[in-house]
Amino acid sequence: MGSPTPAGEGSPGASVATNTSPGLKAPTRRGTELVMLSFAAGLVTLALILVELNQERSLSMRILYLGLAYLGLFACAHLAVRRWAPYADPAILPCVALLNGLGLVVIHRIDLALEGTVFPDGSVWDPVAFKQVIWTAIGLLLFAATLKFLTDHRMLARFGYTFGLVGLVALLLPGVLPGFIAPTINGAKIWLRIGPLSIQPGEFAKILLMVFFAAFLVSKRDLFTTAGRRFLGMDLPRARDLGPLFAAWGVTVAVMVLQKDLGSSLLFFGIVLVLLYVATERAAWVVLGLGLFAGGAVVAWKLFTHVQQRVANWQDPIARYDVIGGGYQISQSLFGLATGGIGGAGLGAGRPEMIPEANTDFITAVIGEELGFVGFAALLLVYMIFALRGLRSAIAVRDSFGKLLGGGLAFAVCFQVFIVVGGVTKLIPMTGITAPFLSYGGSSLLANYILVALLLRISAAARAPQRAAKPKPQQPAIADQHTVMVERPK
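For every chain, the first residue of its written sequence is number 1, and the numbers climb from 1 along that sequence. Only residues with pLDDT of at least 70 are given local features in this predicted model, and only at 80 or more are side-chain atom pairs given and counted; all residues enter the totals for whole chains, interfaces and linings. As a rule here, side-chain values cover all heavy atoms of the structure and leave hydrogens and water aside.

(A) Representation of the side chain of Ser393 within the structure. The numbering of helices and of strands both runs from the N terminus, where a helix is a DSSP run of H or I of at least 4 residues and a strand a run of E of at least 2. Mapped onto the elements, Ser393 comes out in helix α14 (residues 363-396). What makes two residues a contact is simply this: any of their non-hydrogen atoms within 4.5 Å. When neighbours within four sequence positions are excluded, Ser393 is seen to be in contact with Asp89, Ile458, Ser459 and Ala462.

Below, the structure written as structure tokens:
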């Protein structure tokens, strides 16, 4: 069914059936995946119906089209996994389908709330739910293409340095280009405008840079595990080995300065620290990295107005409620979460139109208002299951590059959720990045579906049965071997 998995990539537990029981096939669990996808589809369909009923609308063909598009797309995704990654983890794709479907429901809900709204510039709200379906379709097409053409995740390690260079350019490019190509939107300069389309290259850069760091740390592992001085119970790295950490810190500061984007800089540096910790198992790297990031954040707060503004909004958003660029957005988010309470106002019964950028940066606040603390916690549990299954695959795969890359990919999604939810709930300053699979936007969906395909490829390598080794010919005992008389040359 799928492409053969290289020897040495399977976990011992997955290979028992084939190694000890000839003729038996290891279970692929694709049927389990299909059942969970059907459950996710049922929940999404029910949520769409509840939104329409709570808005006192009659069920329309629009709901039917949204539901059928959702079902068709993830049915194709399931067939792609069944064909090209049959031993992949069965829980990852259903988690993604549920998150994507819930995001589609909430985006449709916001479209209904803003229907007919005329903005100060004279424009009228344009519904975006069907655009999100189109982006999902393109994302799943990239997902299937990645599974088909990337038959072995270790192929990526060969191009690690190339990916690193391309990722670094993509991450910093919007900050150095002129405004008509890289406009400043909502205070951040992270977009590239190509004709009628806009793309956020940083979403793809994080994947490219993870591939680079995973390949780099595998090839230079001895460099980072060599201990230096011991301080406070920790083996500090040698001073001459700190170059990569300072380079990552410099890139983070450059993103913060050039693009005014706190979220991307925090996400990028957090991923680097986690990969360093996984590769070396030494907490000293994390402590040093956090110290560097804290120092850079303090300097940025002292020097740059936009950072001071974000921190002031975080400290007391109510006091800056009416200030331009102040705390209105975060205040409305907190009001919505408080209105939702434990059980929520109900799907379709909230006031998402009161929160600016509700379908992108603050979509989790809308979910908290309409589904309450219970629904919000359930959403976070789905993300946690996704991350745990990804980390489990990373642990099970046998090659070091796969372990680092899989761990980095799973952590990236989890850490991004922490940054988003932390900003919406006022735990940390607002950063402006979007919730994976939930928020409206093409760049985020496309990049995250490539990320999911890579995780599934790694999990397929970890769970696939090992190919039986060729039996070695038995050598006869020394006592049974014939004696050969050799004459000494004259």
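(B) Up close: the pattern of salt bridges. The term salt bridge refers to a pairing of a side-chain nitrogen on Lys or Arg with a carboxyl oxygen on Asp or Glu at a separation within 4 Å. According to the stated counting rule, one finds seven salt bridges in the structure shown. As a salt-bridge pair, Glu370 and Arg109 come within 2.8 Å of each other at their nearest N and O atoms. With a gap of 261 residues between them, Glu370 in helix α14 and Arg109 in helix α4 (residues 92-113) connect regions that are remote in the sequence. Comparing Glu370 with Arg109 shows no difference in burial state: the two are buried. A simple rule labels every residue: compare its accessible area, found with a 1.4 Å probe on the protein chains alone, to the largest value its type can have, and call it buried under 20%, exposed over 50%, or partly exposed in between.

(C) Representation of the packing of aromatic side chains within the structure. To pair, rings of Phe, Tyr and Trp, with the six-membered ring standing in for Trp, must have centres within 6.5 Å; the planes then decide the type, stacked if under 30 degrees apart, edge-to-face if over 60, and tilted in the middle. Across all of its chains, the model carries 16 aromatic pairs by this definition. For the pair Phe212 and Phe216, a centre-to-centre distance of 5.8 Å together with 25° between the ring planes defines the contact as stacked. Highlighted residues: Phe212 and Phe216, both in helix α7 (residues 201-219), separated by four residues, approximately one helical turn. Its relative accessible area of 14% is what places Phe216 among the buried residues. Ring geometry for Phe213 against Phe268: centres 6.4 Å apart, planes inclined by 55°, an arrangement best described as tilted. On the criterion of sequence distance, the pair formed by Phe213 in helix α7 and Phe268 in helix α10 (residues 262-280) is long-range, its members being 55 residues apart. For the pair Phe213 and Phe268, a shared accessibility class is recorded, and that class is buried. Only when the NZ atom of a Lys or the CZ atom of an Arg is both within 6 Å of the ring centre and within 35 degrees of the ring normal do we say a charge sits over the ring. It is Lys148 that lies over the ring of Phe149; its NZ or CZ is 5.7 Å from the centre.

(D) Fine view of the packing of α4 against helix α5 (residues 129-149). To get an axis, a line is fitted to the C-alpha atoms, and for a helix only the part in contact is used. The angle between two axes follows their N-to-C directions and goes from 0 to 180 degrees. As a packed pair, α4 and α5 sit with axes 9 Å apart at the nearest point and diverge in direction by 160°. Comparing the axis directions of α4 and α5 gives the class roughly antiparallel. For α4 against α5, the interelement crossing comes out right-handed. Residues Leu93, Asn100, Leu104, Ile107, His108 and Asp111 of α4 form the contact with α5, whose own contacting residues are Ala129, Gln132, Val133, Thr136 and Phe143. Each residue gets one label: Ala, Val, Leu, Ile, Met, Phe, Trp, Tyr, Cys and Pro are nonpolar, Asp, Glu, Lys and Arg are charged, and the others, such as Gly, are polar. Broken down by class, the residue content of the contact of α4 with α5 amounts to six nonpolar, four polar and one charged. Put simply, angles under 35 degrees are roughly parallel, angles over 145 are roughly antiparallel, angles from 65 to 115 are roughly perpendicular, and the rest are oblique. Left-handed is the label given to a crossing in which the near helix is rotated counterclockwise from the far helix by less than a right angle, and right-handed is the label when the rotation is clockwise.

(E) Quick look at a nonpolar patch on the surface. Residues form patches when they are more than 30% accessible in relative terms and have no salt bridge. Like charges link within 9 Å. Nonpolar side chains (Val, Leu, Ile, Met, Phe, Trp, Tyr) link within 5 Å. Each accessible area value is a Shrake-Rupley result obtained with a 1.4 Å probe; residue values ignore everything except the protein chains displayed when judging cover. Taken together, Met61, Leu64, Tyr65, Leu68, Leu71 and Phe130 make up a surface patch of nonpolar side chains, about 580 Å² in accessible area. By the element assignment, Phe130 lies in helix α5.

(F) Here's a closer look at the environment of Leu380. Looking at where Leu380 falls in the secondary structure, it is placed in helix α14. The class of Leu380 is partly exposed, set by a relative accessible area of 32%. Note: C-alpha distance between Leu380 and Val421 (41 residues apart in sequence) is 9.4 Å. In contact with Leu380, not counting residues within four places along its chain, are Val417 and Val421.

(G) Quick look at the packing of α5 against helix α16 (residues 442-463). Where α5 contacts α16, the two axes come as close as 8 Å, and the packing angle between them is 30°. On the basis of their axis angle, the class for α5 and α16 is roughly parallel. Between α5 and α16 the crossing geometry is right-handed. On the side of α5, the interface is formed by Gln132, Trp135, Thr136, Ile138, Gly139, Leu140, Leu142, Phe143, Thr146 and Leu147, while α16 contributes Gly442, Leu445, Leu446, Tyr449, Ile450, Val452, Ala453, Leu454, Leu456 and Arg457. A breakdown of the residues in the contact of α5 with α16 according to their chemical character gives 14 nonpolar, five polar and one charged.

(H) The nonpolar core, seen in detail. If you look at the biggest cluster of nonpolar residues, it comprises 119 residues, and the most contacted ones within it are Phe143, Phe386 and Leu405. In terms of residues, this core owes the most to one element, α16, which gives 14 residues. Excluding its chain neighbours within four sequence positions, the residues that come into contact with Phe143 are Ala77, Val81, Leu93, Tyr449, Val452, Ala453 and Leu456. Only buried residues count toward a nonpolar core. Its members are Ala, Val, Leu, Ile, Met, Phe, Trp, Tyr and Cys residues joined through side-chain atoms within 4.5 Å.

(I) How the structure looks around the side chain of Gln332. Secondary-structure assignment places Gln332 in helix α13 (residues 328-340). Gln332 gets classed as buried once you look at its relative accessible area, which sits at 7%. Excluding residues within four positions of it along the chain, Gln332 makes contact with Tyr321, Met354 and Ile355.

By themselves, these observations are geometric and do not establish any function.
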